[in-house]
Amino acid sequence: MTEPSTTIALETPNDAQAIDRLHERTFGPGRFALTAYRLREHVDHRLDLSFTARIGTLLVGSVRQLPICIGDAPALMLGPLTVEPPFRGHGIGRALLGRALTEAKAKDIRLVVLVGDEPYYGRVGFKPIAKGRLTMPGPVDYSRLLVAELVEGAFAGVSGRIRPDWDALQ
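S.K.: I'm lost on the pattern of salt bridges in this one. Help?
M.R.: Side-chain pairing between opposite charges can occur once the charged atoms of the two side chains come close. Throughout the structure, instances matching the rule amount to seven salt bridges. Where salt bridges share partners, they join R46, D48 and K107 into one cluster.

S.K.: In this structure, what is going on with the pairing of strand β3 (residues 58–70)? I would like to understand it.
M.R.: Regular strands place side chains that alternate from one sheet face to the opposite one. In terms of burial, β3 is largely enclosed, as twelve of its 13 residues are buried. Bridge analysis of strand β2 (residues 51–55) against β3 gives five bridges, and the strand direction is antiparallel. Looking across to β3, one finds that T52 is bridged to S62. Linkage of β2 to β3, two consecutive antiparallel strands, is achieved through a turn of two residues, within which G56 is found at a positive phi near 65°. Remark: two residues form the turn of the hairpin made by β3 and strand β4 (residues 73–83), two consecutive strands paired antiparallel; G71 in that turn has positive phi of roughly 65°. As paired elements, β3 and strand β9 (residues 160–164) share three bridges and run antiparallel to each other. The residue of β9 that forms the bridge with I70 is I162.

S.K.: Any chance you could explain the environment of T102 here in plain terms?
M.R.: In this structure, T102 sits in helix α3 (residues 92–106). In this structure the C-alpha to C-alpha distance between T102 and L150, which are 48 residues apart in sequence, comes to 8.7 Å.

S.K.: What should I look at first to understand helix α1 (residues 16–27) in this one?
M.R.: A turn of α-helix holds 3.6 residues, and therefore any two residues three or four places apart point the same way. Its twelve residues give α1 an end-to-end C-alpha distance of 16 Å, which sits within 8% of 16 Å, the value for a rise of 1.5 Å per residue. Three or more residues of α1 are buried, namely I19, L22, H23 and T26. Seen from one end, α1 has its buried residues packed into an arc of 100°, which puts them on one side.

Cut-offs used in this document
- Residues numbered from 1 in each chain as written.
- Predicted model: local features only at pLDDT ≥ 70, side-chain atom pairs only at ≥ 80, totals over all residues.
- Heavy atoms only, no water.
- Salt bridge = Lys/Arg side-chain N within 4 Å of Asp/Glu carboxyl O.
- Buried < 20%, exposed > 50% of the residue type's maximum accessible area, 1.4 Å probe, protein only.
- Helix = DSSP H or I, 4+ residues; strand = E, 2+ residues; numbered from the N terminus.
- Pairing = 2+ DSSP bridges.
- Expected span 1.5 Å × (residues − 1).
- Arc of directions from axis to C-beta.

This is a description of form; function is not addressed.
Listed below in C-alpha cells is the structure:
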C-alpha cells in the first residue's frame, strides 16, 4: 500500500476553525489547563512559522509556533503539534516539525522550546533542559521541557522565565 500524498503549507487565518476542531479532538477540553496554553492566551502564534498538513483538502495535521522570551532572549515555543489519529505513523508529524524548524532557522530564530516527549523530539535535535534553568507560568513537567538550538551555542547563558514576547505584538 502506498503512503498518502501529504501537502505541508503555511497556516492561513481560514484554517483556524479546522485547527481548533483538530485540537479539540486530539487534546480534549483539558488542553486549556496546560501551561503552554496559558502563554498562548497572551500572544498569537506566528502564521509565517505555523503549518498545516493536508491529504487532498482534508486537514490532517498542524503545528504552531509562538513568539516567547526566555529571560531577555527571544525564542519560539513550538506547539501544539498534532496529527489526526488515523494518520499517525506516516511521517506527517515529522514533516510538519521539519518544516517548522527549517523556516524558523531561515527567519533567524536561534532557539525553540517545547513541552514534549524527548524520544520523539530528540530525533530532530531537541534536548532536555537542566532542572531550574527555565521556569514557566503555571504547572509544568520540567522533565518534558526541551530546547533546540537552531544556531550552535544559542542556548549558552540563557536562563529565566519563559513569557510571551510582547514585542511580537507590535
